[in-house]
Amino acid sequence: MRIAMIGAGYVGLVSGACFSDFGHHVTCVDTDQGKIDALNNGEIPIHEPGLDALVASNVKQGRLKFVTDVASAVGAAEVVFIAVGTPSRRGDGHADLSYVYAAALEIAKAIKKFTVVVNKSTVPVGSGDEVERIIREENPDAEFAVVSNPEFLREGAAIRDFKHPDRIVIGSSDQRAKDVMAEVYRPLHLNSSPIMYTDRRTAELTKYAANSFLATKVAFINEIADLAEKVGANVQEVARGIGLDNRIGLKFLHAGPGYGGSCFPKDTLALIKTGQDYEAPLRIVETVVAVNDQRKRAMARKVAHAFGGNLRGKSIAILGVTFKPNTDDMRDAPSIPLITALQDMGAEVRVYDPVGMEQAKKVFENVTFCEGPYECARGCHAMVIVTEWEQFRALDLKEMAAIMACPVIIDLRNIYSPDEVTRNGFLYSGVGRPQAV
Ligand code: NAD
């Protein structure tokens, strides 16, 4: 199959590389000339484990190309995926579909034969209809079908997720398009990944429902964590106690600083907006968003609590700023409102992240960027673990206690055992566990 992938970001680049690895011929298109130049120079513009080797091997075998010109890629393709960003629109929280619609217009101009246009971007219900209308209006003679095929991969484990998905959702009522999609995903189907065919609107809604449900699990366990702290219970054991029930499941029950990232915040907001527009308000999701928003500043108050509520003149070391480990993605990371709140309270902030420093420098002002966790913590009054990178799990606590001005650890990911940390002379506070500072 000849595939054009419009958008070479976290989703487009990973999907394009994986499709080429299956044997398809893929051309990734991006309007960002710098990104395409980097890719053509063998550089990967994002941090995603395993992606460099996957891209290099498929480029070498002539199955993967990077261009800025939509027309050549689309003209030659049987299938065109749209994998551009759909951020929250400034002001109202609706999904900003301008990139999707701009891509649709470019695709329309370049279609030469029957082409399946696939929305892989996360788009609200009805966006597929609009993409169809835009293409039809621009190019009335074009032969095409618009399919919804939402992506469920997770950054940090994206290649594994793409190659071994829990399910593939394909929304279309056009048999020709379904046959083409079956061919595109045939290698995964042979691997027994379930493919679910449904209509386009159902596929679009499925993606938002999935992310909103996962966000709900996170917000739920975070509230249980708050209660656990008050009543002297351990949220990790509660999570295990409920999660071993197959109806609930163990995943997405880790208490922490609140969800963030490139998907949950914007997708929950967009679903709320869709619900309001259709007069079917999603009150549970509305509450999840409110609970999660309030949590970020509450985490700063948790840090302040260790100092009697006053952070003025205190130096705070932040370990981890990306929204989760194994990615350099800082979009809507919980570290952002946390650091702002700490600065509002008068703290001086020092920051270290294993791969997120470049992105962090674009986001934070008036913080000190450090080379490693020990340099970051040196002279600080508290160390706050915000992202659970593996390299933070086995810090030399004796050394830390010796170099810090004050031995306080606020562990927002519960990666340390309170006993171990307090044995090393620290005051320790995790999330939802009995020992609070
Ligand atoms: P991204 O910002 O990393 O990548 C989007 C890319 O599209 C950018 O490189 C941008 O330059 C390019 N682009 C924008 N307009 C273009 C156009 N007209 N033609 C060509 N290129 C264009 O975004 P992402 O994280 O890959 O997300 C893409 C979509 O996938 C979003 O809808 C997102 O919600 C969804 N999604 C993301 C993830 C994730 O983990 N990041 C997971 C599942 C679904």
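Remember, it's a predicted structure, so these values are computed and weren't measured experimentally.

Criteria and thresholds
- Residues numbered from 1 in each chain as written.
- Predicted model: local features only at pLDDT ≥ 70, side-chain atom pairs only at ≥ 80, totals over all residues.
- Heavy atoms only, no water.
- Helix = DSSP H or I, 4+ residues; strand = E, 2+ residues; numbered from the N terminus.
- Rg over C-alpha atoms; globule rule 2.2 N^0.38 Å.
- Buried < 20%, exposed > 50% of the residue type's maximum accessible area, 1.4 Å probe, protein only.
- Contact = heavy atoms within 4.5 Å.
- Areas by Shrake-Rupley, 256 points an atom, 1.4 Å probe, with all protein chains shown as cover.
- Lys, Arg positive; Asp, Glu negative; His and termini not counted.
- Charge placed at Lys NZ, Arg CZ, Asp CG, Glu CD.
- Expected span 1.5 Å × (residues − 1).
- Arc of directions from axis to C-beta.
- Near = heavy atom within 4 Å.
- Polar contact = N/O pair within 3.5 Å; in protein donor to acceptor, adjacent residues only side chain to side chain.
- Nonpolar A, V, L, I, M, F, W, Y, C, P; charged D, E, K, R; others polar.
- Pairing = 2+ DSSP bridges.
- Axes fitted to C-alpha atoms, helices over the stretch in contact; angles between N-to-C directions.

### Comments concerning the overall build of the protein
When its secondary structure is counted, the protein shows 18 helices and 14 strands. For the protein, whose C-alpha radius of gyration is 23 Å, the value lies close to the compact-globule estimate of 22 Å for 437 residues. Seen along its three principal axes, the alpha-carbon backbone of the protein occupies a region of about 70 × 50 × 40 Å. By residue count, 54% of the 437 residues in the protein fall in the buried class. Residue pairs in contact within the protein that sit at least 24 positions apart in sequence constitute 71% of those at least 6 positions apart. Accessible surface computed for the protein: about 19300 Å², of which carbon and sulfur atoms make up 50%. Distance from the positive charge centre (49 side chains) to the negative charge centre (55 side chains) of the protein: 3 Å.

### Comments concerning helix α5 (residues 98–110)
With 13 residues, α5 should cover 18 Å at 1.5 Å per step; its first-to-last C-alpha distance of 19 Å lies within 8% of that length. Along α5, the positions that sit buried rather than exposed are V100, A103, A104, I107, A108 and A110. The buried residues of α5 all sit within an arc of 165° when viewed along its axis, so they share a single face. The inward-facing, buried residues of α5 abut β1 (2–6), α4 (70–76), β4 (79–82), β5 (115–119) and α6 (127–138).

### Overview of the site of the ligand
Taken together, 26 residues are adjacent to the ligand, and D30, K35, T86, E155 and K266 come closest. The side chain of D30 places a nitrogen or oxygen atom 2.6 Å from an oxygen atom of the ligand. One nitrogen or oxygen atom from the side chain of K266 is found 2.6 Å from an oxygen atom belonging to the ligand. Taken by itself the ligand offers 830 Å² of open surface, and the protein chains cover 89% of this. Put simply, the parts of the chain that give the shell around the ligand at least two residues each are α1 (10–21) and α5. By residue class, the composition of the shell around the ligand is ten nonpolar, eight polar and eight charged.

### Observations regarding the side chain of S335
With respect to the helices, strands and loops of the structure, S335 is situated in helix α14 (residues 335–344). Here the side chain of S335 touches V321 through a polar contact of 2.7 Å, landing on its backbone oxygen. Not counting residues up to four positions away in its chain, the partners in contact with S335 are G320, V321, M330, F364 and V386.

### Description of the sheet that holds strand β14 (residues 427–429)
Sheet architecture is open: six strands sit in the order β11-β10-β9-β12-β13-β14, paired in parallel fashion. The open sheet has two edge strands with one neighbour each: β11 (367–369) and β14. On average, adjacent strands in this sheet sit at an angle of 20° to one another, irrespective of strand direction.

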